[in-house]
2 protein chains.
Amino acid sequence: MAIMANSLPTEGKGIRLILGEPVQKDFFYVYHGNIIHSEGGAQTLYVMEHPFWGRILFLNGTLQFTTRDEFIYHEALVHIPVQAREEGKIKRVLICGGGDFGAARELLKYPDIEEIIIADIDPHVPEIVKEYFPELMPGEDPRLKLLITDAYKLVEDYVKEKKHFDLVIIDSTDPDISPEGKTIELSHSLFSQEFHELLKALAPEGLIVQQAATPFTMKNVLAWTYETFVKVYGQDEVYCYRADIPSFGGDNAYILRAQGETPIEPRRPALEDTKYYTHEVHRASFSIPKFWQEVLK
Amino acid sequence: MAIMANSLPTEGKGIRLILGEPVQKDFFYVYHGNIIHSEGGAQTLYVMEHPFWGRILFLNGTLQFTTRDEFIYHEALVHIPVQAREEGKIKRVLICGGGDFGAARELLKYPDIEEIIIADIDPHVPEIVKEYFPELMPGEDPRLKLLITDAYKLVEDYVKEKKHFDLVIIDSTDPDISPEGKTIELSHSLFSQEFHELLKALAPEGLIVQQAATPFTMKNVLAWTYETFVKVYGQDEVYCYRADIPSFGGDNAYILRAQGETPIEPRRPALEDTKYYTHEVHRASFSIPKFWQEVLK
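Residues numbered from 1 in each chain as written. Chains lettered and ligands numbered in written order. Predicted model: local features only at pLDDT ≥ 70, side-chain atom pairs only at ≥ 80, totals over all residues. Heavy atoms only, no water.

- An unreviewed UniProt entry annotates chain A as Polyamine aminopropyltransferase originating from Thermodesulfatator indicus.
- Comment text from UniProt for chain A, heading Catalytic activity (unreviewed entry), reads "S-adenosyl 3-(methylsulfanyl)propylamine + putrescine = S-methyl-5'-thioadenosine + spermidine + H(+)".
- The Subunit (unreviewed entry) field of the UniProt record for chain A holds the comment "Homodimer or homotetramer." (UniProt positions renumbered as here; feature names shortened; annotations may be inferred.)

The following block contains the structure:
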């Protein structure tokens, strides 16, 4: 039996997975299950089979999603920005990361979205999802294009070509903000000020949303992401919302840049085809606990 | 090293803790730490020392609280009902369970509350809290009385004596709603229709709040508690709200009976002395995910 652990010894070290015994004591909590697939590459990758969670994908030791609750993460990531604008306003969407297709699956539910590009650096992720997580795969759709590429470089090229998007979703692993300053996560550059300066050029009037980890255990990721957004887009355009993802250990944070009209109010009919999202939940998601507010000061 | 596990093999079996190896695979997730105190009695009781969570109290194998996030559970349990009414409206409060003092600690922050009675069946709980969890203990206060007694019987007596309360808080372990119908939890009777009929007589115009477990893993506790409230108090007086408690694995449900004015709107100034609660969070707490709504239909 393999043992995998979500480790959170101190704030800022992120969630780590350890294979093999003995289990270290300073873990947040630990997932026990059978590893049914593992491989190396740009990122180490494990698929765990678990009686409660279904299947779990781990990247670089971090739980990415489970089949049992990924719908919450993806619905909050996609429907809150999309529903914050009227029908027909969001036509072109870029997903940085998101090679698991979960965000694309939700976006494709909107007939007025015309083009969706996924830019994921790791070719193994879509392959693994096709084989082990078929429920994340949308049906064939000519509006969707998957590019295996570094989103940072793609965005640089797009900016040179003066391309524009209405919505950019940064759906990546958590960044490393460890005390040692080590950078092992490929996603790290997607949290930088330089990247957001590029996005501002790519989506001058667009919405930009970034997942920003679970603040109860990693409040420095929230602080850092929020600070970067405020520097680049200005305080008035930056919002924080949350969604409870049980396998992450509770509320995950999302930072949203929205110009003009407040994103707190939904502006189009809700979809029938959701399991988490409603208009009421949309509005409530922007109310954050006092201990988060203090991080954002 | 002791191993303790939060088990959630199927909905309805609740969270269980297992001591010793091997860890069973069908657990939600597992807490690993050192057991620094254990004892039997009406309920088995363990105190775990954990590098991330601080100290954890387990009753009958179920995690009750951790020193790191108990503030969220207790603030949501207490401040949402109290703030739902104007100053001076809530003077007499009964806590059924709550021998850990956490709810009483929050109630005592309101100078207009005149009397607080804790009725806990297990004498070990307050003793353990005094020794291992001093941060839950309020200072000496003549308004607070602890009774070691079965809350069910106490309420029967109070109803005979025609006593009245403005607020009743049921702060107990989760009930057993296992497929086998086994009842091992002392709290079980506090979720029954008979008990709520008594509470209706005890607090005819009062607020009544009951913690109702984490619906993502135990949605039948939510369904059962809500159904009981609706039967006894009528649909119009029953509300459901939530708070994310990371060590519970996300959102916990609370069922609230409130007559007349809606409890969704806070009606008194928020306290400075909270770490989770704000008026915005108060309002947002009543917006629940679509998959909870479906359980309440």
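Past the structure itself, the notes keep going.
**Quick look at the packing of aromatic side chains**
Working step 1: Under the criterion given, the structure shown has 28 aromatic pairs over all chains.
Working step 2: Centre to centre, the rings of Tyr73(B) and Phe248(B) are 5.8 Å apart; their planes meet at 55 degrees, and the pair counts as tilted. Of this pair, Tyr73(B) sits in helix 1 (residues 70-83) while Phe248(B) sits in the loop between strand 12 (238-245) and strand 13 (250-257), placing them 175 residues apart in sequence.
Working step 3: Overall, the relative accessible area of 6% leaves Tyr73(B) in the buried class.
Working step 4: Seen in terms of ring centroids, Phe191(B) and Trp224(B) are 6.1 Å apart; in terms of plane orientation they differ by 15 degrees. Their pairing is stacked. In this pair, Phe191(B) sits in the loop between strand 10 (167-171) and helix 5 (193-202) while Trp224(B) sits in helix 6 (residues 219-233), placing the two residues 33 residues apart along the sequence.
Working step 5: Clustering of aromatic rings is evident, with ring pairs tying together Tyr73(A), Tyr239(A), Tyr241(A), Phe248(A), Tyr254(A) and Phe286(A).
Working step 6: Between Lys275(A) and the ring centre of Phe71(A), over which it is positioned, the NZ or CZ distance is 4.5 Å. (Phe/Tyr/Trp six-rings, centres within 6.5 Å; stacked < 30°, edge-to-face > 60°. Helix = DSSP H or I, 4+ residues; strand = E, 2+ residues; numbered from the N terminus. Buried < 20%, exposed > 50% of the residue type's maximum accessible area, 1.4 Å probe, protein only. Lys NZ or Arg CZ within 6 Å of the ring centre and 35° of its normal.)

**Notes on the interface of chain A and chain B**
Working step 1: With 47 residues of chain A in contact, the opposing surface of chain B contributes 47 residues.
Working step 2: Interface area for chain A against chain B, summed over the two sides, is near 3,900 Å², with a carbon-plus-sulfur share of 60%.
Working step 3: At the boundary of chain A and chain B, one finds 0 salt bridges.
Working step 4: Remark: the boundary between chain A and chain B carries 12 residue pairs in polar contact (both at pLDDT 80 or more).
Working step 5: The set of elements that each furnish at least two residues to the side of chain A that touches chain B consists of strand 2 (29-32), helix 1 (70-83), strand 12 (238-245), strand 13 (250-257), helix 7 (279-284) and helix 8 (290-295) of chain A.
Working step 6: No other element matches strand 2 of chain A, which puts 4 residues into the side of chain A that touches chain B.
Working step 7: Considering only residue class, the side of chain A that touches chain B consists of 24 nonpolar, 10 polar and 13 charged. (Contact = heavy atoms within 4.5 Å. Buried area = accessible area lost by both parts, 1.4 Å probe. Salt bridge = Lys/Arg side-chain N within 4 Å of Asp/Glu carboxyl O. Polar contact = N/O pair within 3.5 Å; in protein donor to acceptor, adjacent residues only side chain to side chain. Nonpolar A, V, L, I, M, F, W, Y, C, P; charged D, E, K, R; others polar.)

**Let's talk about the pattern of salt bridges**
Residue and element names in this part refer to chain B.
Working step 1: For the structure shown, the criterion picks out 30 salt bridges over all chains.
Working step 2: Across the pair Arg92 and Glu115 runs a salt bridge whose closest N-O atoms are separated by 2.8 Å. Of this pair, Arg92 sits in strand 7 (residues 92-97) while Glu115 sits in strand 8 (residues 115-120), and the two are 23 residues apart along the sequence.
Working step 3: Residue Arg92 is classed as partly exposed on the basis of its relative accessible area of 23%.
Working step 4: Using a relative accessible area of 23% as the deciding quantity, one classes Glu115 as partly exposed.
Working step 5: The residue Lys109 makes a salt bridge to Glu106 at a minimum N-O spacing of 2.8 Å.
Working step 6: Judged by its relative accessible area of 24%, Lys109 is partly exposed.

**Quick look at the sheet that holds strand 6 (residues 62-66) of chain A**
All names here are of chain A.
Working step 1: Strand order in the open sheet made by the 4 strands is 3-4-5-6, with antiparallel pairing throughout. Looking at the sheet topology across the chains shown, the edges are occupied by strand 3 (34-39) and strand 6. Mean inter-strand twist for the sheet, computed between neighbouring axes without regard to direction, equals 25 degrees.
Working step 2: Across 4 bridges, strand 5 (residues 54-59) lies against strand 6 in antiparallel orientation. When the sheet's bridge partners are listed, Leu57 is paired in strand 6 with Phe65. (Pairing = 2+ DSSP bridges. Axes fitted to C-alpha atoms, helices over the stretch in contact; angles between N-to-C directions.)

**A short note on empty space enclosed by the protein**
Where empty space is left becomes clear once a probe the size of a water molecule has been rolled over the atoms.
Working step 1: Per the stated rule, a full pass over the model turns up 6 cavities of 30 Å³ or more.
Working step 2: Considering only enclosed or pocket space, the largest cavity measures out at about 470 Å³ in volume.
Working step 3: Residue lining of the largest cavity: 37 residues in total, with Leu59(A), Gln64(A), Asp171(A), Ser172(A) and Thr173(A) positioned closest to the centre.
Working step 4: Per-element accounting of the lining of the largest cavity gives the leading share, 4 residues, to strand 6 of chain A.
Working step 5: Each of domain 1 (3-66) and domain 2 (70-295) of chain A gives at least three residues to the lining of the largest cavity.
Working step 6: By volume, the second largest cavity amounts to about 130 Å³.
Working step 7: Residue lining of the second largest cavity: 16 residues in total, with Arg242(A), Asp251(A), Arg242(B), Asp251(B) and Ala284(B) positioned closest to the centre.
Working step 8: Mapped onto the lining of the second largest cavity, the elements with two or more residues apiece are strand 12 of chain A together with strand 12 and helix 7 (279-284) of chain B.
Working step 9: Counted by class, the lining of the second largest cavity contains 7 nonpolar, 3 polar and 6 charged residues. (1 Å grid on protein atoms, 1.4 Å probe; cavity = no way out; pocket = protein on both sides within 12 Å on 5 of 7 lines; lining within 4 Å. Points joined across faces, edges and corners; volume = space filled by probe spheres on them. Domains from an automatic or database assignment.)

**Focus: the pairing of strand 6 (residues 62-66) of chain B**
Sheet faces and side chains relate simply in a regular strand, where the side chains alternate between the two faces.
Working step 1: With 5 of its 5 residues buried, strand 6 of chain B lies for the most part within the structure.
Working step 2: What sits between the antiparallel neighbours strand 5 (residues 54-59) of chain B and strand 6 of chain B is a turn of 2 residues, in which Asn60(B) has the positive phi angle 50 degrees.

**Observations concerning the sheet that holds strand 9 (residues 144-148) of chain B**
Residue and element names in this part refer to chain B.
Working step 1: Taken in spatial order, the 7 strands of this open sheet run 9-8-7-10-11-13-12, and their pairing is mixed. The sheet terminates laterally at strand 9 and strand 12, the two strands that pair on one side only. Averaged over all neighbouring strand pairs, the angle between strand axes comes to 20 degrees, with direction disregarded.
Working step 2: Both strand 8 and strand 9 contribute to a ladder of 5 bridges, which runs parallel. In the sheet register, Ile118 faces strand 9, and the bridge partner there is Leu146.

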